[in-house]
Amino acid sequence: MAATPVPPPNMGPGNPNFDGNTGMPPSPVTDMTGICFRDQLWLNSYPLDRNFIFDYFALSPFYDWNCNNEQLRQRSVHPLDLSHLSKMTGHEYNLNEVMEPHLFVIRKQKRDGPEKVTPLLTYYVLDGSIYQAPQLSNVFASRIARALYHISKAFTTAASKLEKIGYVDTENESTSIEPKSGKESIDFKEVKRVDHILASLQRKLPPAPPPPPFPEGYVPPPSDADKGPDGQQQAEQQVPPVDPIIDQGPSKRARFQ
């Protein structure tokens, strides 16, 4: 393993790899999701694997120089040795997941005992670029805000279109009241429902009785289908029967003296 960079003893806490910047390290809950770190010169000189990944991460502004891992580095102990980290308390970094050489997940956590650890932040190295992963609450808040924005925009668009439709209807209402009243929309579902009710009633009711017989001597008139050219002439020549009582006028009645 290559020698790890160690800050000079005369310098205060800070990252000495950035022109002697002695600023205070970021707090455990600092939001640095908007920045990305990449050192192409270092990547060209060293392989990116589990042995060198922590040395590369220590060059980034995400690194806290007051962590327990830095104390192990000053004692020439591997900074990710859990046998030593478990005996210490304070902030530390742990290599959580590894997919060499493309992805490395580093978790910052607070250790209060050998088995008591509280996760704080998560970082990931993707193809040599270091990022801070956003917190789950921030992801939920961002997604909810985006969904509310689109819902509000949809309601605004729908309201504007409804206002235009209402304006056009009120404008044309005065000119087309009579044509609209004549046009009625047919609901085919309602028609089918009525037909179904009528059919069920027809099945429930008894059949209709036969018509009564004609009186004696009554000849039903021929139908239009039975009438031909000869039938029409015969009907014209036939003289309708005369009732001797009803059709006789006063002049034909016998006079009693």
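Provided above is the structure to which this section pertains.
Going along each chain's sequence as written, the residues are numbered from 1 onward. Thresholds applied to this predicted model are a pLDDT of at least 70 for local features of residues and 80 or more for the giving and counting of side-chain atom pairs; totals over whole chains, interfaces and linings are not thresholded and use all residues. Remark: hydrogens and water are excluded; side-chain values derive from all non-hydrogen atoms of the structure.

Chemist: Can you walk me through the sheet that holds strand β2 (residues 103-111) in this structure?
Modeler: By way of backbone hydrogen bonds, the strands of a sheet pair with one another, either parallel or antiparallel. Pairing in this open sheet of 4 strands is antiparallel, and the strands run β1-β2-β3-β4 from one edge to the other. The sheet is open, and its two edges are formed by β1 (90-99) and β4 (129-132), each paired on a single side. Adjacent strand axes in the sheet meet at a mean angle of 25 degrees when their direction is disregarded. As defined by bridge partners, strand β3 (residues 117-126) adjoins β4 across 4 bridges and the pair is classed as antiparallel. Paired with tyrosine 123 across the strands is glutamine 132, a residue of β4. The rule for pairing is simple: two strands pair if DSSP sees at least two bridges between them. A run of H or I in DSSP counts as a helix once it spans at least four residues, and a run of E counts as a strand once it spans at least two, with each numbered from the N terminus. Angles run from 0 to 180 degrees between N-to-C directions of axes, and those axes are lines fitted to C-alpha atoms, restricted for helices to the stretch in contact.

Chemist: Which parts of the structure should I look at to understand the pattern of salt bridges?
Modeler: It is possible for side chains of opposite charge to pair when their charged atoms get near one another. Put simply, a salt bridge is a Lys or Arg side-chain nitrogen that is within 4 Å of an Asp or Glu carboxyl oxygen. Applying the stated rule across the entire model yields 5 salt bridges. When the shortest N-O distance is used, the salt bridge between aspartate 64 and lysine 108 registers 3.6 Å. Placement of aspartate 64 in the loop between α2 (53-57) and α3 (68-74) and of lysine 108 in strand β2 is noted, with a sequence separation of 44 residues between them. Summarising the burial analysis for this pair, aspartate 64 and lysine 108 share the class buried. Relative accessibility under 20% of the residue-type maximum defines a buried residue, over 50% an exposed one, and the middle range a partly exposed one, all with a 1.4 Å probe and only protein chains included.

Chemist: Would you mind going over the packing of aromatic side chains with me for this structure?
Modeler: Side-chain rings of Phe, Tyr and Trp (the six-membered ring for Trp) are treated as a pair once their centres are within 6.5 Å; stacked means planes under 30 degrees apart, edge-to-face means over 60, and tilted covers the remaining angles. Summed over the entire model, instances satisfying the criterion amount to 15 aromatic pairs. Measuring from ring centre to ring centre gives 5.0 Å for tryptophan 42 and tyrosine 46, while their planes differ by 35 degrees; the resulting arrangement is tilted. Assessed through its relative accessible area of 11%, tryptophan 42 is described here as buried. With a centroid separation of 5.6 Å and 85 degrees between ring planes, the pair formed by phenylalanine 54 and tyrosine 63 is classed as edge-to-face. Each member of the pair, phenylalanine 54 as well as tyrosine 63, is classed as buried. Here a set of aromatic residues connected by ring pairs shows up, and it is made of Phe54, Phe57, Phe62, Tyr63, Trp65, Tyr93 and Tyr123.

Chemist: How do you make sense of a nonpolar patch on the surface when you look at a structure like this?
Modeler: A patch is a set of surface residues, each over 30% in relative accessible area and not in a salt bridge, joined within 9 Å for like charges and within 5 Å for the nonpolar side chains Val, Leu, Ile, Met, Phe, Trp and Tyr. Note on areas: Shrake-Rupley with a 1.4 Å probe; residue coverage comes only from the protein chains shown. There is a patch of nonpolar side chains on the surface, built from Leu136, Phe140, Ile144, Leu148, Ile151 and Phe155 and spanning about 680 Å² of accessible area. Summarising the element assignment, isoleucine 144 is placed in helix α5 (residues 136-173).

Chemist: For this particular structure, what's the right way to read the nonpolar core?
Modeler: Most often, soluble globular proteins keep nonpolar side chains buried together rather than apart. Only buried Ala, Val, Leu, Ile, Met, Phe, Trp, Tyr and Cys residues count toward a nonpolar core, and they belong to the same one when joined by side-chain atoms within 4.5 Å. Judged by nonpolar contacts, the single largest core of 25 residues is most densely connected at Leu48, Ile53, Tyr56, Phe57, Tyr63 and Tyr93. When contributions to this core are tallied by element, the ones reaching two or more residues are α1 (40-45), α2, β1, β2 and β3. No other element matches α2, which puts 4 residues into this core. In what follows, a contact means two residues having at least one pair of non-hydrogen atoms within 4.5 Å. Every residue in contact with phenylalanine 57, bar those within four places of it in the chain, is listed here: Phe62, Tyr63, Tyr93, Ile106, Tyr123 and Ile130.

Chemist: How should I be thinking about unusual backbone geometry in this particular structure?
Modeler: Negative phi is the rule for most residues except glycine; trans is the rule for most peptide bonds. The omega torsion across glutamate 100 and proline 101 is -10 degrees, close enough to zero to call that bond cis. Within the secondary structure, proline 101 sits in the loop between β1 and β2. One non-glycine residue, serine 76, lies in the positive phi region at around 60 degrees. Take serine 76: it is sitting in the loop between α3 and α4 (82-85). The phi angle at aspartate 127 is positive, at roughly 55 degrees, despite the residue not being glycine. For aspartate 127, the location among the structural elements is in the loop between β3 and β4. Given the relative accessible area of 43%, aspartate 127 is considered partly exposed.

All quantities given are derived from atomic positions and should not be read as evidence of function.
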